[in-house]
Amino acid sequence: MEKRPPQEQRQQVLTDIDLDNLRATKVLGKGAMGTVFLAYDQTRDPASRTPFALKVVEKSSLNNKFEAERRARWEIQVLAKLAACNANPFLPHLLSSFENSDFLAWAVPFCPGGDLNVLRHRQTDRVFSPAVVRFYLAEIVCALEHLHDMGIVYRDLKPENILVQQSGHVTLTDFDLSRSLTKPRIETLLSSNHRRYEHQPVNAQRKHNRRNMSRWFPVVPNNDKKGLKKTNSARVSPVGRRKQSFVEGERSNSFVGTEEYVSPEVVRGDGHEFAVDWWALGILSYEMLYGTTPFKGKNRKETFRNVLMKQPGFVGKRNDLTDLIERLLEKDPTRRLGYQGGAGEIKEHVFFKGVQWELLTEVSRPPCIPLRDEFDTTGNVTTGWLDIKEYFQNLRAPPSIPPSPSYECQKKMSFTEF
């Protein structure tokens, strides 16, 4: 049975939430689909002890109302499925949802550690060591494995969509670009021309302390590149194309994703399936290691050309991590690591040698643990509330717009490399 750290025990589902009973303390994020608030239910939680993230979509502000509402309802549906099946500890779950003629809103557990992109930029060299990369990638692989087993392809993996929970473990967010696909048949996968590679393991040092992270993640040499600038990613809007069905499984022809993370098959419009998530995992691994994405160009056209034609560049001596990245960034999806054997194939890669997958949630000291006093707001809060409905009313009535509180990631985070 899968274990969960004490900090991440599931919260009780909030039934029948009402915006009139909710108060927000800050805006966590804002995008084309809606605004995310840090909120409390003042009726059920007058002491403000249990915050949650509330995503609110104002229907009148949507450009393509039908498509946007469809995507919002799909995200709620995915979160509800995750809650119903007592999902993976590295995935969120729906606490409750609300809808009236003006708003569509849903609540999920709050992650006080911010996202992986902000966390990376807080590091001295703006990169993670291979040992830390291994820790986060292992949890992300488990999250994607669970989604794929549910028949859901994520299609929006990037650092901004990987949040750090109170315990220091990660969780994925934003499922509006995901979709359900029919999984390919095993016999079809086995008959595909999927190339296998041999690996030479990197010697690992291990400590025997049961609660030490190195028990699960052997230390490898640090070949990080320093002084790299932040990568800015622009999301690619969905463009409907004729959906096709293939004997080996269903594929999607929608053009979705973030341009620096979009796979070659999406750029070509060939139709895509679960392997796009493994491509994105390769891009994420590269960015965590080097601080930049491998195919970023001066503009979108050049970026897409690089995705199709360019090979990723590596610095220094090749190692198990660069081998993993190279195999995930195979431009032919049928030859990409994970295409034939899914997450299990990736878990077997030598970079993850020594990882005890069933004990990931028992790592009590992840690389970064948000300090409790940075987000603990226990006690009655009487100032600083945002009325959610008034917030949107003020946005429609300039110049009396109040300054939107920006999301400040934790200024004091414990980041100890093991």
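Residues numbered from 1 in each chain as written. Predicted model: local features only at pLDDT ≥ 70, side-chain atom pairs only at ≥ 80, totals over all residues. Heavy atoms only, no water.

Enquirer: Please explain unusual backbone geometry as it appears in this structure.
Expert: For residues that are not glycine, phi is negative in most cases, and the peptide bond is trans in most cases. Residues other than glycine seldom take positive phi values, yet R126 does so here, at roughly 60°. Positionally, R126 belongs in the loop between α2 (116-121) and α3 (130-149). Classification of R126 as partly exposed rests on a relative accessible area of 34%. Despite not being glycine, D174 shows a phi value in the positive range, around 60°. Within the secondary structure, D174 sits in the loop between β8 (170-172) and β9 (179-180). Overall, D174 belongs to the partly exposed group, its relative accessible area being 21%. (Helix = DSSP H or I, 4+ residues; strand = E, 2+ residues; numbered from the N terminus. Buried < 20%, exposed > 50% of the residue type's maximum accessible area, 1.4 Å probe, protein only.)

Enquirer: What is the right way to read the nonpolar core from this model?
Expert: The tendency in soluble globular proteins is for nonpolar side chains to be buried side by side. Ranked by size, the top nonpolar core spans 81 residues in total, and within it L157, L172 and L281 carry the most contacts. Sorting elements by how many residues they give to this core places α3 first, with 12 residues. The residues contacting L281, other than those within four sequence positions of it, are L137, I140, V141, L157, L328 and I346. In terms of nonpolar packing, the next biggest core, distinct from the first, is built from 19 residues, A24, L95, F98 and F103 among them. (Core = buried A, V, L, I, M, F, W, Y, C linked by side-chain atoms within 4.5 Å. Contact = heavy atoms within 4.5 Å.)

Enquirer: Just checking my understanding: could you explain the pattern of salt bridges for this structure?
Expert: Pairs can form between side chains of opposite charge whenever their charged atoms are close. Applying the stated criterion to the full structure yields 16 salt bridges. Close ionic contact of E67 with R70 constitutes a salt bridge, the shortest N to O distance being 2.7 Å. Remark: R70 and E67 occur in helix α1 (residues 65-84); sequence separation between them is three residues, near one turn of the helix. Classification of E67 by relative accessible area gives partly exposed; the value is 22%. (Salt bridge = Lys/Arg side-chain N within 4 Å of Asp/Glu carboxyl O.)

Enquirer: Is there a simple way to think about helix α6 (residues 275-290) in this case?
Expert: Since one α-helical turn is 3.6 residues long, residues separated by three or four positions face the same way. With 16 residues, α6 extends 23 Å between its outermost C-alpha atoms, agreeing within 8% with the 22 Å of an ideal straight helix rising 1.5 Å per residue. Counting buried positions along α6 yields 16 of 16 residues, so the element is predominantly enclosed. Taken from the residues just after α6, G291 is the one with a positive phi, measuring 85°. (Expected span 1.5 Å × (residues − 1).)

Enquirer: Please clarify how the packing of aromatic side chains should be interpreted in this entry.
Expert: Two descriptors summarise a pair of aromatic rings, namely the distance from one centre to the other and the angle between the planes of the rings. Overall, the coordinates contain 14 aromatic pairs when judged by the stated rule. With 5.2 Å between their ring centres and 70° between their planes, F351 and F352 make a pair best called edge-to-face. The class for F351 is buried, based on a relative accessible area of 1%. With a relative accessible area of 2%, F352 lands in the buried category. Chaining the aromatic ring pairs together yields one cluster made of F37, F103, Y391 and F392. Sitting above the plane of the F351 ring, R134 keeps its charged end 4.3 Å from the centroid. Residue placement shows K347 over the ring face of W357; its charged tip is 5.1 Å from the ring centre. (Phe/Tyr/Trp six-rings, centres within 6.5 Å; stacked < 30°, edge-to-face > 60°. Lys NZ or Arg CZ within 6 Å of the ring centre and 35° of its normal.)

Enquirer: Teacher, can you tell me more about the sheet that holds strand β4 (residues 96-99) here?
Expert: Hydrogen bonds along the backbone pair up the strands of a sheet, which may run parallel or antiparallel. Pairing in this open sheet of five strands is antiparallel, and the strands run β1-β2-β3-β5-β4 from one edge to the other. Unpaired on one side and paired on the other, β1 (22-30) and β4 mark the two borders of the sheet. Strand-to-strand twist of the sheet, defined as the mean angle between neighbouring strand axes without regard to direction, takes the value 25°. In this structure, strand β3 (residues 52-58) lies alongside strand β5 (residues 103-109), joined through seven bridges in antiparallel fashion. Of the residues in β5, the one forming a bridge with V57 is L104. This element, α1, spans β3, β4 and β5 of the sheet and lies at about 30° to β5. (Pairing = 2+ DSSP bridges. Axes fitted to C-alpha atoms, helices over the stretch in contact; angles between N-to-C directions.)

Enquirer: It is not clear to me how the side chain of T258 should be interpreted in this structure. Could you clarify?
Expert: Summarising the element assignment, T258 is placed in strand β13 (residues 257-258). Take T258: its relative accessible area is 2%, and that puts it in the buried class. A distance of 3.2 Å separates the side chain of T258 from the side chain of K158, its partner in a polar contact. (Polar contact = N/O pair within 3.5 Å; in protein donor to acceptor, adjacent residues only side chain to side chain.)

Enquirer: For this particular structure, what's the right way to read the packing of α3 against α6?
Expert: In a packed pair of helices, the relevant descriptors are the angle between the two axes and the axis-to-axis distance. For the pair α3 and α6, the least separation of the axes is 11 Å and the interaxial angle reads 165°. In terms of orientation, α3 lies roughly antiparallel with respect to α6. Both α3 and α6 take part in a crossing whose hand is right-handed. The residues of α6 that touch α3, namely those facing P130, V133, Y136, L137, I140, V141, L144 and H148, are D277, W278, L281, L284, S285, M288 and L289. Of the residues assigned to the contact of α3 with α6, the class counts are 12 nonpolar, two polar and one charged. (Parallel < 35°, antiparallel > 145°, perpendicular 65-115°, else oblique. Left-handed = near helix turned anticlockwise from the far one by under 90°. Nonpolar A, V, L, I, M, F, W, Y, C, P; charged D, E, K, R; others polar.)

Enquirer: I'm lost on the UniProt feature "binding site: ATP" (unreviewed entry) in the chain in this one. Help?
Expert: Cross-referencing UniProt, the feature "binding site: ATP" (unreviewed entry) maps to K55 in the present numbering. Tracing the backbone shows K55 in strand β3. Discounting chain neighbours no more than four positions away, the residues touching K55 are M33, T35, V36, E75, L104, A105, W106 and D174. A polar side-chain atom of K55 sits 3.5 Å from a polar atom in the side chain of E75. (UniProt positions renumbered as here; feature names shortened; annotations may be inferred.)

Enquirer: What am I meant to see in the side chain of R155 here?
Expert: Mapping R155 onto the fold places it in the loop between β6 (152-153) and β7 (162-164). For the buried residue R155, which engages in no salt bridge, the nearest side chain bearing the opposite charge is D277, 7.2 Å off. A distance of 2.7 Å separates a polar atom in the side chain of R155 from the backbone oxygen of L177. At 3.2 Å, the side chain of R155 and the side chain of H272 are in polar contact. (Lys, Arg positive; Asp, Glu negative; His and termini not counted.)

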